[in-house]
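# Coordinate inspection notes
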Amino acid sequence: MLMNSSEYVEVLCQVKQHIAKTRSRAASKANSELICMYWRIGALLNENDDWGSGFLESLSKDIRNSYPGIKGFSVRYLKYMKKFARECDAEKVHTVYALLSWSHIRALMDKVKNLDERLWYAQASVHNGWPLATLGHQMDLHAYERQAKKGKISNFSKTLPDPQSELMQQALKDPYVFDFITAEQGREERDNEQAMMDNLQSLLLELGTGFALVGRQYHLVVGEDDFYIDMLFYNIRLHCYVVVELKNQDFKPEFNGQLGFYVAAVDGELRDEADNHTIGLLLCKTKNNAVAEYSLRSMNAPIGISEYRLGDDLPEEYAKILPSAEDIMARI
């Protein structure tokens, strides 16, 4: 029968793909129009801001009377529209904010007062496809401050070509925040597996865009000797392997030698012609910036050095069960 033929199945798949893509584009366009409408309404309300507080109550009531069942025009939301129009120019609305949901925009207005910082989070949400919960998590962890922090230690500008060096420097954070809580004793095996997957997802989000885990305690054989890399990633944006070494102690210059060896070994054993040079990332409990900078001057391998933390302002009941660096590794 026709419906069982491979040609028919292929045509059906292509039709379904066209439908899905068109529906997605239509939904995206509808959302963009909605955000632009909210901005235009907010601008109109700001022009008539001298009508007093009763103006918004009357307007909200009359809108809902004119369009029964309509949502999103409460007094509270009208105030959001006014703030949106007051604090964002038309160009940024069309190029950035129209690509986000209204929930994203309200969360940004609630939590981020600095307009440059707010724009950074908005652009990161668009670029990385952050859902609302992830955006909230990144704001709670102060991702903007850590991403923009001066004094991030690396030799990427010396060891990597453009634009890879600039992209990696932008991706480098200091410190990294691993806010993972140890799994409770007695938890069912299925719950433990889910907790490990949640931890892995959080780790990849913290590292940044494009990271895919290749392996933990990744086994390399070099000249018949065995070596084990803490974590090996591949970054699909940078097109390169990223070796991550996690040290549960303060930075020491000799750590660079071990990491440099791992970077060279991955370049020699795993990298092919389509890959860029492997990058090393060393995460320590603390670091002396001057010592870290001197330790990199003679290194030919591209390496970044950052601190890591296990979360900020955790509840007291969690502080007693914070995982060590080894616990993080074991669960991932």
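Residues numbered from 1 in each chain as written. Predicted model: local features only at pLDDT ≥ 70, side-chain atom pairs only at ≥ 80, totals over all residues. Heavy atoms only, no water.

## So, helix H6 (residues 115–128)
Its 14 residues give H6 an end-to-end C-alpha distance of 20 Å, which sits within 8% of 20 Å, the value for a rise of 1.5 Å per residue. Glu117, Arg118, Leu119, Tyr121, Ala122, Ala124 and Ser125 are the residues of H6 that are buried. The distance from a side-chain oxygen at the start of H6 to the backbone nitrogen of Asp116 is 3.0 Å, and the residue carrying that oxygen is Asn114. One or two steps after H6, the chain reaches Gly129, where phi turns positive at roughly 65°. (Helix = DSSP H or I, 4+ residues; strand = E, 2+ residues; numbered from the N terminus. Expected span 1.5 Å × (residues − 1). Buried < 20%, exposed > 50% of the residue type's maximum accessible area, 1.4 Å probe, protein only. Polar contact = N/O pair within 3.5 Å; in protein donor to acceptor, adjacent residues only side chain to side chain.)

## Looking at the pattern of salt bridges
Oppositely charged side chains can form a pair if their charged atoms are brought close together. Under the definition given, this model contains five salt bridges. Measuring nitrogen to oxygen at the nearest pair gives 2.6 Å for the salt bridge that ties Arg118 to Glu87. On the criterion of sequence distance, the pair formed by Arg118 in helix H6 and Glu87 in helix H3 (residues 75–87) is long-range, its members being 31 residues apart. Linking Lys92 and Asp89 is a salt bridge whose minimum nitrogen-to-oxygen distance equals 3.1 Å. Judged by its relative accessible area of 30%, Lys92 is partly exposed. (Salt bridge = Lys/Arg side-chain N within 4 Å of Asp/Glu carboxyl O.)

## Digging into the packing of aromatic side chains
Going through the model one piece at a time under the given rule, you end up with 12 aromatic pairs. Seen from their ring centres, Tyr38 and Trp102 are 4.6 Å apart, and the 45° between their planes marks the pair as tilted. Taken together, the residues Tyr38 in helix H1 (residues 6–47) and Trp102 in helix H5 (residues 102–111) connect sequence positions 64 residues apart. In terms of burial, Tyr38 and Trp102 fall into one category: buried. Considering the side-chain rings of Phe84 and Trp102, the 5.7 Å spacing of their centres and the 65° angle between planes classify their relative orientation as edge-to-face. Taken together, the positions of Phe84 in helix H3 and Trp102 in helix H5 put the pair 18 residues apart, joining distant regions of the chain. Ring pairing ties together the aromatic residues Tyr38, Phe73, Phe84, Tyr97 and Trp102, which thus form one cluster. Lying over the aromatic face of Tyr80, Arg106 brings its terminal NZ or CZ to 5.9 Å of the ring centre. If you follow Lys247 out to its NZ or CZ, it ends over the ring of Phe255, 5.2 Å from the centre. (Phe/Tyr/Trp six-rings, centres within 6.5 Å; stacked < 30°, edge-to-face > 60°. Lys NZ or Arg CZ within 6 Å of the ring centre and 35° of its normal.)

## Observations regarding helix H13 (residues 289–296)
All of the buried residues in H13 are Ala292, Ser295 and Leu296. Each buried residue of H13 sits inside an arc of 95° when the element is viewed along its axis, so together they form one side. (Arc of directions from axis to C-beta.)

## A word on the nonpolar core
Membership of the largest hydrophobic core comes to 34 residues, with the highest contact counts inside it found for Met81, Phe84, Tyr97, Trp102, Ile105, Leu108 and Tyr121. Broken down by secondary-structure element, the contributors of at least two residues to this core are H1, helix H2 (54–66), H3, H5, H6 and helix H7 (132–140). Dropping the residues within four chain positions of it, Tyr121 is found in contact with Leu108, Val112, Trp130, Leu135, Gln138, Met139, His142, Ala143, Tyr144 and Glu145. (Core = buried A, V, L, I, M, F, W, Y, C linked by side-chain atoms within 4.5 Å. Contact = heavy atoms within 4.5 Å.)

## A short note on unusual backbone geometry
You will see that Glu224, though not glycine, has its phi angle at about 70°, which is positive. In this structure, Glu224 sits in the loop between strand E3 (211–222) and strand E4 (225–235). Residue His239 is not a glycine yet carries a positive backbone phi of 55°. You can call His239 partly exposed: its relative accessible area is 41%.

## Comments concerning the environment of Glu87
With relative accessibility at 28%, the residue Glu87 sits in the partly exposed group. Setting aside residues no more than four positions away along its own chain, Glu87 makes contact with Leu115 and Arg118.

## So, the state of the cysteines
This structure, assessed with the given rule, holds zero disulfides. Here Cys36 is not disulfide-linked; the sulfur of Cys88 is the nearest cysteine sulfur, at 9.8 Å. You can call Cys36 buried: its relative accessible area is 8%. The class for Cys88 is buried, based on a relative accessible area of 8%. (Disulfide = S-S within 2.5 Å.)

## Examining the packing of H2 against H3
The contact between H2 and H3 brings their axes to 9 Å, and the two run at 115°. In terms of orientation, H2 lies roughly perpendicular with respect to H3. Both H2 and H3 take part in a crossing whose hand is right-handed. Facing Leu56, Glu57, Leu59 and Ser60 of H2, the residues of H3 in contact are Val75, Leu78, Lys79 and Lys82. Considered class by class, the residues forming the contact of H2 with H3 number four nonpolar, one polar and three charged. (Axes fitted to C-alpha atoms, helices over the stretch in contact; angles between N-to-C directions. Parallel < 35°, antiparallel > 145°, perpendicular 65-115°, else oblique. Left-handed = near helix turned anticlockwise from the far one by under 90°. Nonpolar A, V, L, I, M, F, W, Y, C, P; charged D, E, K, R; others polar.)

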